[in-house]
Amino acid sequence: EFEVELVAQTPTSMHGSKEGHMGYIYKRTNTGTDESEDSTTSRPSESGGAIYCDPLFETSYKLVMGGLQPLHKEVTRQVQELMGGTGRTTRSR
């Protein structure tokens, strides 16, 4: 277990759905050693402290930290792979 602090909260909904939800972003407030950190990867932050990343998210974390161009390229690749198609279709009149 570890302590967290609410960073942001915003209402959200799925496209085409009338059902509303709330999205939350939390940040970890303690950086002391505890059991949960044994299974995480430590990365240095810009301020010199450590950011603990769950191994499940390590690949995505590295991608985001790599900058906009590699992230954009990977997101584009995944959208093409998962959604297929050659792009936007046009309307005919």
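The following paragraphs examine the structure supplied in this document. (Residues numbered from 1 in each chain as written. Predicted model: local features only at pLDDT ≥ 70, side-chain atom pairs only at ≥ 80, totals over all residues. Heavy atoms only, no water.)

Re the overall build of the protein
Here's step 1: Regarding its fold elements, the protein presents two helices and four strands.
Here's step 2: The order of helices and strands in the protein, counted from the N terminus, is β-β-β-β-α-α.
Here's step 3: Surface accessibility of the protein: about 8,600 Å² in total, with carbon and sulfur atoms responsible for 54%. (Helix = DSSP H or I, 4+ residues; strand = E, 2+ residues; numbered from the N terminus. Areas by Shrake-Rupley, 256 points an atom, 1.4 Å probe, with all protein chains shown as cover.)

Observations concerning the pattern of salt bridges
Here's step 1: According to the stated counting rule, one finds three salt bridges in the structure shown.
Here's step 2: Here arginine 77 ties to glutamate 74 by a salt bridge, and the two come within 2.6 Å at their closest N and O atoms. You can see arginine 77 and its partner glutamate 74 sitting in helix H2 (residues 68–83), three residues apart, about one turn around the helix.
Here's step 3: Beyond isolated ion pairs, a larger network of salt bridges with shared partners links Glu74, Arg77 and Glu81. (Salt bridge = Lys/Arg side-chain N within 4 Å of Asp/Glu carboxyl O.)

Details of the packing of aromatic side chains
Here's step 1: Applying the stated criterion across every chain yields a total of one aromatic pair.
Here's step 2: Judged by centre distance (6.2 Å) and plane angle (25°), the rings of tyrosine 24 and tyrosine 26 are stacked.
Here's step 3: Using a relative accessible area of 44% as the deciding quantity, one classes tyrosine 24 as partly exposed. (Phe/Tyr/Trp six-rings, centres within 6.5 Å; stacked < 30°, edge-to-face > 60°. Buried < 20%, exposed > 50% of the residue type's maximum accessible area, 1.4 Å probe, protein only.)

Digging into the pairing of strand S1 (residues 4–13)
Here's step 1: Pairing of S1 with strand S2 (residues 20–28) involves nine bridges; the strand directions are antiparallel. What sits directly across from alanine 8, in S2, is isoleucine 25.
Here's step 2: Linking S1 back to S2 in an antiparallel pair, the connection comprises six residues, with glycine 16 at a positive phi of about 80°. (Pairing = 2+ DSSP bridges.)

Note that all results are geometric; they support no functional claim without further evidence.
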